[in-house]
Amino acid sequence: MNAAGLNERRTLSDAERLDWLRLARCENVGPVTFLALLDRFGAPAAVLDALPALARRGGRRRPIKVCSRAAAEREIAGLAALGGRLIAMVEPAYPEPLAAIADPPPVLAVRGRADLLPTDSVALVGARNASANGLHFAERLAAELGAAGLTVVSGLARGIDARAHAGAIETGTVAVMGGGVDVVYPKENSSLHERLLAEGAVIAEAPLGTVPMGRHFPRRNRIIAGLSRGVVVVEGAARSGSLITARLALEQGREVMAVPGSPLDPRASGPNRLIRQGATLVENANDVLDALAEGGRPVLGEPRQRWPSDDAYTPSEEDEAPADARESVAQLLGPSPMPVDLLVRQSRLTPAMVATILLELELAGRLERHPGNRVSHSQPAA
C-alpha cells in the first residue's frame, strides 16, 4: 500500500491477518502499544522483527515472548472450525465507531452474524442481581429499540444483560464476551449463547479458550461502549461494572442514559447518580431514540492519520534518544499514573523520543499504560 492509501480500509490477505494476530498476542503488547508500534514501523511483520531489540533497549533481561506463527495458525483454524472469523481493525467489516476509540482491539473474533457489527447500535447494561421489574423493563426496551432499527449490544452477563439480548434476539443483538467466544459465562446462559450464535453475534478480544476473570471485564466494557452510539443503564450499584461502562461511554463521546429507580433500592443508586450528573432519564424507547437523535453521531475524534502499510520503516534522528535518556525517563515514572505530556516536559526530550522510550519500557515490562494517556512504573521483567 502506498502513502496515498494509508487511510483506506482493505481486506487483509491471510498472511497479513496472521501477522496482525501474532502481534496482538505478543507479550506486553496492548491495544495502545499495538497502534503506536504500527505508527512507527508501518506493518505488523516489521514490528514482529523489531520487538526483541526494542524490549532489550527498554531493559528487559530475558527474551520477550513473540507469538509464533504456528500458535496463530492454530487459533485461526480453531475459530474457523467453530464457524467464526477474525476481523482486523483496518478491514471493512470492523465497526468504525470502535476503531475510533483510543484503545480499539486490534483484532476481533466473531461468531454468528458479522453483518451486525457495522450497524447502528445501542448498549443496554445493568445489574446481575436485577429486580423483576428491571428485568421486564430491560427486555421490553431492547425489543422496542430493535424494532426501531437499532442493534442491541450487551455483555451476556446474568440479569439485565441476558434480558437485553433476549429482547432483541429477533431484530439483532451482539454479545461482547469477557473471555473467548467459545467460553460460555455464566453457564446458565448456555442456551442464550447458542441462540446468539444462530441469530445474533458473539465477539471477543481474547483468544479462544480464555476463561473470563475480573480484570477482563473493564476491557470488555470499553468494547460495549465503543460499539454503540449510546449506553443505557438499567439498575446497578454505584460501583458496578455498568457504571464503568457508562464512564467509558462518556469518555468516548457517546450518549449516556439511565433508567431511574427507587432510592430505597441499592440497585437504583447507579442510574440515579448518573441522572443527577446529567445522563438522559429513560422511561421508554422514545426517550432513547430522542437522545440519540439530539446527540447525532458519536464524537469519534480525529480520523487516524495513517493505517498500517507495507512501507519499510526508516528511523529518523528525532527517534534517537541520548544514551542515558531511557533510565532518565524510567526514574521519572512512579506508581501513580502521570500524563505523558507532563513526562515530556519534565524529561526535556522531544515527544518522539519519549514515545519511543515508552514503547521500549512497556515491551520490557517496566511500564503500565492507563486511560487518559497516562503511564506509571511497573516491576521489571525477570
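Look above for the structure.
Residues numbered from 1 in each chain as written. Predicted model: local features only at pLDDT ≥ 70, side-chain atom pairs only at ≥ 80, totals over all residues. Heavy atoms only, no water.

## Some thoughts on the pattern of salt bridges
Any two side chains of opposite charge can pair, given that their charged atoms come close. Definition in use: Counted as salt bridges are all cases of a side-chain nitrogen of Lys or Arg within 4 Å of a carboxyl oxygen of Asp or Glu. Secondary structure elements are defined from DSSP: runs of H or I of at least 4 residues count as helices, runs of E of at least 2 residues count as strands, and each element is numbered from the N terminus. Relative accessibility thresholds used throughout: buried, under 20% of the residue-type maximum; exposed, over 50%; partly exposed, between the two (1.4 Å probe, protein chains only).
A full pass over the atoms with the stated rule returns 20 salt bridges. Residues glutamate 91 and arginine 17 are paired through a salt bridge, measuring 2.6 Å at the closest nitrogen-oxygen approach. Taken as a pair, glutamate 91 in the loop between strand E1 (85-88) and helix H5 (96-99) and arginine 17 in helix H1 (residues 14-24) lie far apart in primary sequence, 74 residues in all. Owing to a relative accessible area of 15%, arginine 17 belongs among the buried residues under this scheme. Glutamate 362 is the partner of arginine 369 in a salt bridge, and the nearest nitrogen-oxygen pair spans 2.6 Å. Judged by relative accessible area, which is 9%, glutamate 362 ranks as buried. Each of Asp103, Glu205, Arg219 and Arg222 takes part in a single network of salt bridges with overlapping partners.

## Examining the packing of aromatic side chains
Definition in use: We call Phe, Tyr and Trp rings a pair once their centres come within 6.5 Å, taking the six-membered ring for Trp, and we label the pair stacked below 30 degrees between planes, edge-to-face above 60, and tilted otherwise. Geometrically, a charge over a ring is one whose NZ (Lys) or CZ (Arg) sits within 6 Å of the ring centre while staying within 35 degrees of the ring normal.
This model, assessed by the stated rule, comprises 2 aromatic pairs. Their ring planes at 40° and their centres at 5.2 Å tell us that tryptophan 20 and phenylalanine 34 sit as a pair that is tilted. Pair noted here: tryptophan 20 is in helix H1 and phenylalanine 34 is in helix H2 (residues 31-41), with a separation of 14 residues, a long-range link. Both residues of the pair, tryptophan 20 and phenylalanine 34, belong to the buried class. Just above the ring of phenylalanine 217 sits the side chain of arginine 128; from NZ or CZ to the centre is 5.7 Å.

## Re the sheet that holds E1
Applicable threshold: Two strands are counted as paired when DSSP detects at least two bridges linking them. Only heavy atoms matter for contacts: two residues are in contact if any of them lie within 4.5 Å across the pair. To obtain an axis, a line is fitted to C-alpha atoms, over the contacting stretch when the element is a helix, and the angle between two such axes runs from 0 to 180 degrees between their N-to-C directions.
Strand order across the open sheet formed by 9 strands is E1-E2-E6-E5-E4-E3-E7-E8-E9, with mixed pairing between neighbours. Edge positions in the sheet fall to E1 and strand E9 (280-281), since each has one partner strand and no second. The pairing of E1 with strand E2 (residues 107-112) spans 4 bridges and is classified as antiparallel. Residue pairing for E2: arginine 85 is matched across the bridge by valine 110. Packed on one face of the sheet, helix H12 (residues 285-295) meets strand E3 (121-126), strand E7 (230-234), strand E8 (255-259) and E9 and runs near 165° to E8.

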